Amino acid sequence: MQCDRIWTNARLVTMAGARDGLGIVDQGVLAATAGRIIYAGLAAEAPAFDAIETIDCAGRWITPGLIDCHTHLVHGGDRAHEFELRLNGASYEEIARAGGGIVSTMKATRGASEEQLVASALPRLDALIAEGVTTIEIKSGYGLALDAELRMLRAARALGTHRPVGVVTTFLGAHALPPEYAGDADGYIDSVCNEMIPAVADAGLADAVDAFCEGIGFSAAQTGRIFDAAAARGLPVKLHAEQLSNLHGAALAARHGALSADHLEYLDDDGIAAMAKAGTVATLLPGAFYFVRETKLPPIDALRAAGVSIAIATDCNPGTSPLTSLLLTMNMAATLFRLTVDECLAGVTRNAARALGLQDETGTLDAGKSCDLAIWDIERPAELVYRMGLNPLHARVWRGK
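- In the annotation of an unreviewed UniProt entry, the entry for the protein chain reads Imidazolonepropionase, and the organism field reads Sphingomonas alpina.
- On record in UniProt, under Subcellular location (unreviewed entry), the comment for the protein chain is "Cytoplasm".
- Quoted verbatim from the Function (unreviewed entry) field of the UniProt record, the comment on the protein chain reads "Catalyzes the hydrolytic cleavage of the carbon-nitrogen bond in imidazolone-5-propanoate to yield N-formimidoyl-L-glutamate. It is the third step in the universal histidine degradation pathway."

So this is what it looks like as structure tokens:
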């Protein structure tokens, strides 16, 4: 059988087959052509391949390329000063209500050109790519006005032309209330629904629509309006939900068929049941939990019991999770949330793909899927979760190259 490349003498973490487990194949081989996997399995059962290039992995492990399914990678400025304020006792809500938080990043983002946004984001993207990330989701939400939101989305898409990585873009216009709409949240939601979402959809710049359903964000009723506007334009939805309080956003998102509900520290049983029924992924963000020194854990055991798929992501953003390591994110998910090794690895591969609606394209080593691989110098997969500050990536493959 003809193929472009074959990786031999490998140990595979396929993440394929059963819902649980790593799908390990010892003495494995993986073959690809035209950027697609055509075989991943036991060498003894593989067809006879005639490959243009053969790569001997010398016993190394191959996992699917990692997927960071929740980031705010594109933005202007940073919020190191606010970090100092929090160290001195100020809460996230206090900083936000005093004009800091998302609004401070809004000002820096509005003042940046598309080229400047791309240039500032590239080092953050490079750090993630260096750890085996092959697909990344990038949200808007720091422009909070049509022109600036479109500029953010164009910058996010441009990153995928500067680096070999799959970029998924999400419109997050309902991230915070901009100053010009102070006291008129419904008026701003009118703008998001009637002006921004149609313009973003017409420009083809977003793969999904997100919102921040929270006391310092937007109400469940306002979020529902955003979801309806997204549906009218054929865009799937996601939601920042139950991070600081329980506004029942996760249940609302599930009722709208959301791909994922994210954060979820204050998620209740009704929300879990709704997510399980809808197949909505729970995306946990341990970097934000750590950085804002949250103490209320997401309901991990209840999510497990209900069979809700769990993804994990960096939530890379300037205010509450300036994190550019998906490997460290896995360690945090294990140490802070007590996820298992299998859950952590599924959370940045198979389940992360599902959280982006890409489960048919990537996230497992299955024939027909994109040949996105991470090849590791490790003795066992647990090392990817266990170590902090060590990057054992040997090679990264995106679309077969």
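1. As for the overall build of the protein chain
Part 1 of the reasoning: Secondary structure summary: the protein chain contains 15 helices and 15 strands in total.
Part 2 of the reasoning: Seen along its three principal axes, the alpha-carbon backbone of the protein chain occupies a region of about 70 × 40 × 40 Å.
Part 3 of the reasoning: In the protein chain, which comprises 401 residues, the share counted as buried stands at 57%.
Part 4 of the reasoning: Within the protein chain, residue pairs in contact and separated by at least 24 positions form 71% of the contacts whose partners lie at least 6 positions apart.
Part 5 of the reasoning: Carbon and sulfur atoms provide 51% of the accessible area of the protein chain, an area that totals close to 15,200 Å².
Part 6 of the reasoning: Side chains of the protein chain give 33 positive and 48 negative charges; the mean places of these two sets differ by 1 Å.

2. Describing the environment of Thr314
Part 1 of the reasoning: Following the sequence through the fold, Thr314 ends up in the loop between strand 13 (310–312) and helix 12 (326–337).
Part 2 of the reasoning: Put simply, Thr314 and Thr329 are 15 residues apart on the chain and 5.9 Å apart in space, counted from C-alpha to C-alpha.
Part 3 of the reasoning: Aside from chain neighbours lying at most four places away, what touches Thr314 is Asp68, His70, Thr71, Leu128, Ser321, Leu323, Ser325, Leu326 and Thr329.
Part 4 of the reasoning: A distance of 2.7 Å separates polar atoms of two side chains, one belonging to Thr314 and the other to Asp68.

3. Here we look at the environment of Thr109
Part 1 of the reasoning: Following the sequence through the fold, Thr109 ends up in helix 3 (residues 102–110).
Part 2 of the reasoning: A residue is classified by how much of its surface remains accessible, and Thr109, at 1% relative accessible area, is buried.
Part 3 of the reasoning: Separated by 32 residues in sequence, Thr109 and Gly77 have C-alpha atoms that sit 7.1 Å apart.
Part 4 of the reasoning: When sequence neighbours within four positions are dropped, the list of residues in contact with Thr109 reads His75, Gly76, Leu117, Tyr142, Gly143, Arg151 and Met152.

4. Some points on the packing of helix 6 (residues 185–203) against helix 7 (residues 220–232)
Part 1 of the reasoning: It is at 10 Å that the axes of helix 6 and helix 7 come closest, and there the two elements cross at 10 degrees. With respect to their mutual orientation, helix 6 and helix 7 come out roughly parallel. From helix 6, Ala185, Asp186, Ile189, Asp190, Val192, Cys193 and Ile197 reach across to helix 7, where they touch Gln222, Arg225, Ile226, Ala229 and Ala230.
Part 2 of the reasoning: For the contact of helix 6 with helix 7, the residue count by class is eight nonpolar, one polar and three charged.

5. Digging into the packing of aromatic side chains
Part 1 of the reasoning: What the rule picks out here adds up to five aromatic pairs.
Part 2 of the reasoning: Their ring planes at 50 degrees and their centres at 6.1 Å tell us that Tyr39 and Phe49 sit as a pair that is tilted. Placement of Tyr39 in strand 3 (residues 36–42) and of Phe49 in the loop between strand 3 and strand 4 (50–56) is noted, with a sequence separation of ten residues between them. For the pair Tyr39 and Phe49, a shared accessibility class is recorded, and that class is buried.
Part 3 of the reasoning: Ring plane angle 80 degrees and centroid distance 5.1 Å describe the contact between Phe289 and Phe337, whose orientation is recorded as edge-to-face. You can see Phe289 sitting in helix 10 (residues 286–291) and its partner Phe337 sitting in helix 12, a full 48 residues away along the chain. Each member of the pair, Phe289 together with Phe337, is buried.
Part 4 of the reasoning: Ring pairing ties together the aromatic residues Tyr181, Tyr188 and Phe218, which thus form one cluster.

What counts and what doesn't
- Residues numbered from 1 in each chain as written.
- Predicted model: local features only at pLDDT ≥ 70, side-chain atom pairs only at ≥ 80, totals over all residues.
- Heavy atoms only, no water.
- UniProt positions renumbered as here; feature names shortened; annotations may be inferred.
- Helix = DSSP H or I, 4+ residues; strand = E, 2+ residues; numbered from the N terminus.
- Buried < 20%, exposed > 50% of the residue type's maximum accessible area, 1.4 Å probe, protein only.
- Contact = heavy atoms within 4.5 Å.
- Areas by Shrake-Rupley, 256 points an atom, 1.4 Å probe, with all protein chains shown as cover.
- Lys, Arg positive; Asp, Glu negative; His and termini not counted.
- Charge placed at Lys NZ, Arg CZ, Asp CG, Glu CD.
- Polar contact = N/O pair within 3.5 Å; in protein donor to acceptor, adjacent residues only side chain to side chain.
- Axes fitted to C-alpha atoms, helices over the stretch in contact; angles between N-to-C directions.
- Parallel < 35°, antiparallel > 145°, perpendicular 65-115°, else oblique.
- Nonpolar A, V, L, I, M, F, W, Y, C, P; charged D, E, K, R; others polar.
- Phe/Tyr/Trp six-rings, centres within 6.5 Å; stacked < 30°, edge-to-face > 60°.

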